[in-house]
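Listed below, chain by chain, are the residues.
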Amino acid sequence: MSRSTKLFETYKLGPITLANRLVMAPLTRNRAAPGTFVPSPLAAEYYGQRASAGLLITEASQVSQQGQGYQDTPGIYSKEQVAGWRKVTDKVHERGGRIFIQLWHVGRISHVDLQANGAAPVAPSAIRAKGKTFVNGTFADVSEPRALELSEIPGIIDDFKRATKNALEAGFDGVEIHGANGYLLDQFAKDGANKRTDAYGGSIENRAKLMLEVSKAVVAEAGADRTGIRISPVTPANDIVDSNPQALFDHITDGLNALKLVYLHVVEGATGGPRDFAPFDYGSLRKRFSGAYIANNGYDFDLATKVLDANAADLIAFGKPFISNPDLVERLKKGAALNDWDKNTFYGGGAKGYTDYPALAAEPAE
């Protein structure tokens with residue numbers, strides 16, 4: 001018995017057709033090879049197992065060594081990393097899936113032990129975040145950052161551009177820019193982290209500049225119809241805050257819409273926490289953006305169905321349920337029970353809690 005809902009309809013996303021409207025959200029798993037940060041050989045199996053999702057978005061992948069903030073997260077800046085990701089995209093495509101890579105620069109959410117020569121992490125301003133990162137096998141306070149010089153900003157934009165070129169070489173169907181959850185682009189956008197007095201600080205227009213310039217550079221490389229972005233207007237994740245998020249993200253969305261990005265992926269509420277964390281009109285973003293709107297945060301079958309029926313979103317991203325249910329699409333379709341996830345195996349490790357969650361048993365023939 002399969003449940004009928006818009007969730008299982010095909011959807012045209014730019015030049016590609018998605019088999020359904022379920023998106024696997026980006027999920028950090030810390031299993032890349034230490035030192036080279038090449039996706040682990042298990043990654044191809046992990047993403048391949050989940051290829052029935054309409055769209056897979058990979059775990060966040062740093063665009064440079066400087067962009068890394070956690071132990072053993074994959075990169076997309078070396079030839080070896082490109083070759084490692086190619087195995088992932090080949091497996092997903094072989095199984096009929098579609099996959100975008102999420103491009104990441106963590107900014108101040110890093111640790112000196114992850115930076116070249118133990119350098120300080122970079123940020124819009126030298127303000128240390130109250131928060132922890134996963135490094136040397138444990139959770140440690142993030143390090144004190146230094147403010148980026150104006151002359152360094154073009155280099156950051158170039159890193160995103162080069163990562164995009166690498167992603168296309170690795171066979172990805174497109175890229176998602178990580179503009180959410182208190183990482184570098186979000187740090188520049190929000191006035192709690194950005195105290196600059198130059199062209200990238202002060203007004204909403206100035207603070208939004210880096211996110212929009214990175215988006216423009218990525219679009220120039222991948223094409224607008226293969227470029228998406230993730231934002232989180234009100235999340236407190238990684239000690240981030242803004243005094244006027246509605247005006248800021250209305251402005252950012254207008255800029256992204258002018259660039260004709262293929263989708264806007266929005267974390268509604270507090271990342272992994274309450275959806276009603278702070279008042280915000282997500283409908284305003286949807287109205288301003290002509291591409292696809294991907295809704296994210298705490299969605300289950302009923303909420304997804306309701307939001308799609310109300311035309312308040314085009315696609316729905318599921319996170320943790322995809323960790324423990326490789327066949328989430330089929331389980332939701334049949335109304336089958338979901339596997340519980342094991343928090344202890346989210347970050348780091350091998351196959352356990354990564355590629356060993358069971359799919360539904362094949363139904364016996366009548």
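Just so you know, these numbers come straight off a predicted model, no measurement behind them.

Engineer: Could you give me a rundown of the overall build of the protein chain, with the residues and numbers involved?
Structural biologist: Summing up its helical and strand segments, the protein chain has ten helices and 14 strands in all. A globule of 366 residues ought to have a C-alpha radius of gyration of about 21 Å, and the protein chain, at 19 Å, matches this closely. For the protein chain, the C-alpha atoms occupy an extent of roughly 70 × 45 × 35 Å along the three principal directions. Looking at the protein chain as a whole, 58% of its 366 residues qualify as buried. For the protein chain, restricting intrachain contacts to residue pairs at least 6 apart in sequence, the fraction spanning at least 24 positions comes to 73%.

Engineer: Which residues make up the pattern of salt bridges, and what values go with them?
Structural biologist: One pass over the structure, following the stated rule, counts 19 salt bridges. With a closest N to O distance of 2.9 Å, Arg-162 and Asp-159 form a salt bridge. Of this pair, Arg-162 and Asp-159 are both found in helix α3 (residues 153-169), three residues apart, which corresponds to roughly one turn of the helix. Judged by its relative accessible area of 39%, Arg-162 is partly exposed. The exposure class assigned to Asp-159 is buried, which follows from its relative accessible area of 14%. With a shortest N-O distance of 3.6 Å, Glu-213 and Lys-209 are connected by a salt bridge. Within this pair, Glu-213 and its partner Lys-209 are both found in helix α5 (residues 204-222), separated by four residues, close to a single helical turn.

Engineer: Describe the packing of aromatic side chains, naming the residues involved and giving the relevant values.
Structural biologist: Scanning the entire structure with this criterion turns up 14 aromatic pairs. Between Tyr-70 and Trp-104 the ring centres are 5.6 Å apart and the planes differ by 10 degrees, which places this aromatic pair in the stacked class. Taken together, the residues Tyr-70 in the loop between β4 (55-62) and α2 (79-94) and Trp-104 in strand β5 (residues 99-104) connect sequence positions 34 residues apart. Tyr-70 sits in the buried class, given a relative accessible area of 12%. On the basis of relative accessible area, Trp-104 is assigned to the buried category, the value being 1%. Relative to Tyr-183, the ring of Tyr-70 lies with its centre 6.4 Å away and its plane at 75 degrees, an arrangement referred to as edge-to-face. Of the two residues, Tyr-70 sits in the loop between β4 and α2 while Tyr-183 sits in the loop between β10 (174-179) and α4 (184-189), which places them 113 residues apart along the sequence. The cationic tip of Lys-209 hangs over the ring face of Tyr-200; the distance from NZ or CZ to the ring centre is 5.3 Å.

Engineer: Describe unusual backbone geometry, and please don't skip the residues or the numbers.
Structural biologist: Even without being glycine, Asn-238 reaches a positive phi, approximately 60 degrees. Following the sequence through the fold, Asn-238 ends up in the loop between β11 (227-231) and α6 (245-258). In this structure, Asp-239 takes a positive phi of about 60 degrees despite not being glycine. Topologically, Asp-239 is positioned in the loop between β11 and α6. Residue classification places Asp-239 among the partly exposed positions, given a relative accessible area of 32%.

Engineer: I'd like a rundown of α6, residues and numbers included.
Structural biologist: Under the 1.5 Å per step criterion, the end-to-end length of α6 is 20 Å for 14 residues, consistent within 8% with the ideal 20 Å. Looking only at α6, the buried set comprises Pro-245, Leu-248, Phe-249, Asp-250, Ile-252, Thr-253, Gly-255 and Leu-256. Remark: Lys-260 follows α6 within two positions and exhibits a positive phi of approximately 65 degrees.

Engineer: Lay out the packing of α5 against α6 in plain terms, naming residues and giving numbers.
Structural biologist: Taken N-terminus to C-terminus, the directions of α5 and α6 make an angle of 35 degrees; their axes are 10 Å apart at the nearest point. Here α5 runs over α6; the crossing is right-handed. In contact with Ile-204, Glu-205, Arg-207, Ala-208, Met-211, Leu-212 and Ser-215 of α5, α6 contributes Ala-247, Leu-248, His-251, Ile-252, Gly-255 and Leu-256.

Engineer: Account for the nonpolar core, naming residues and giving values.
Structural biologist: Membership of the largest hydrophobic core comes to 80 residues, with the highest contact counts inside it found for Tyr-47 and Ile-316. By residue number, the principal contributor to this core is α5, which donates nine residues. In contact with Ile-316, not counting residues within four places along its chain, are Leu-7, Arg-21, Leu-22, Val-23, Ile-294, Ala-295, Tyr-299, Ala-304, Val-307 and Leu-308.

Engineer: Account for the pairing of strand β13 (residues 292-296), with residues named and values stated.
Structural biologist: Counting buried positions along β13 gives five out of five residues, so the element sits mostly inside the fold. Of the two faces of β13, the one holding Ala-292, Ile-294 and Asn-296 and the one holding Tyr-293 and Ala-295 are both buried throughout. Across five bridges, the pairing between strand β12 (residues 263-267) and β13 is parallel. Residue Val-267 lies in a different strand from β13, and its bridge partner there is Asn-296. Handedness of the crossover joining β12 and β13 through helix α7 (residues 282-288): right-handed. Strand direction decides the pairing type here: β13 and strand β14 (residues 315-318), joined by three bridges, are parallel.

Criteria and cut-off values
Residues numbered from 1 in each chain as written. Predicted model: local features only at pLDDT ≥ 70, side-chain atom pairs only at ≥ 80, totals over all residues. Heavy atoms only, no water. Helix = DSSP H or I, 4+ residues; strand = E, 2+ residues; numbered from the N terminus. Rg over C-alpha atoms; globule rule 2.2 N^0.38 Å. Buried < 20%, exposed > 50% of the residue type's maximum accessible area, 1.4 Å probe, protein only. Contact = heavy atoms within 4.5 Å. Salt bridge = Lys/Arg side-chain N within 4 Å of Asp/Glu carboxyl O. Phe/Tyr/Trp six-rings, centres within 6.5 Å; stacked < 30°, edge-to-face > 60°. Lys NZ or Arg CZ within 6 Å of the ring centre and 35° of its normal. Expected span 1.5 Å × (residues − 1). Axes fitted to C-alpha atoms, helices over the stretch in contact; angles between N-to-C directions. Left-handed = near helix turned anticlockwise from the far one by under 90°. Core = buried A, V, L, I, M, F, W, Y, C linked by side-chain atoms within 4.5 Å. Pairing = 2+ DSSP bridges. Right-handed = clockwise from strand over helix to strand, strands pointing away.

None of this, on its own, says anything about what the molecule does.
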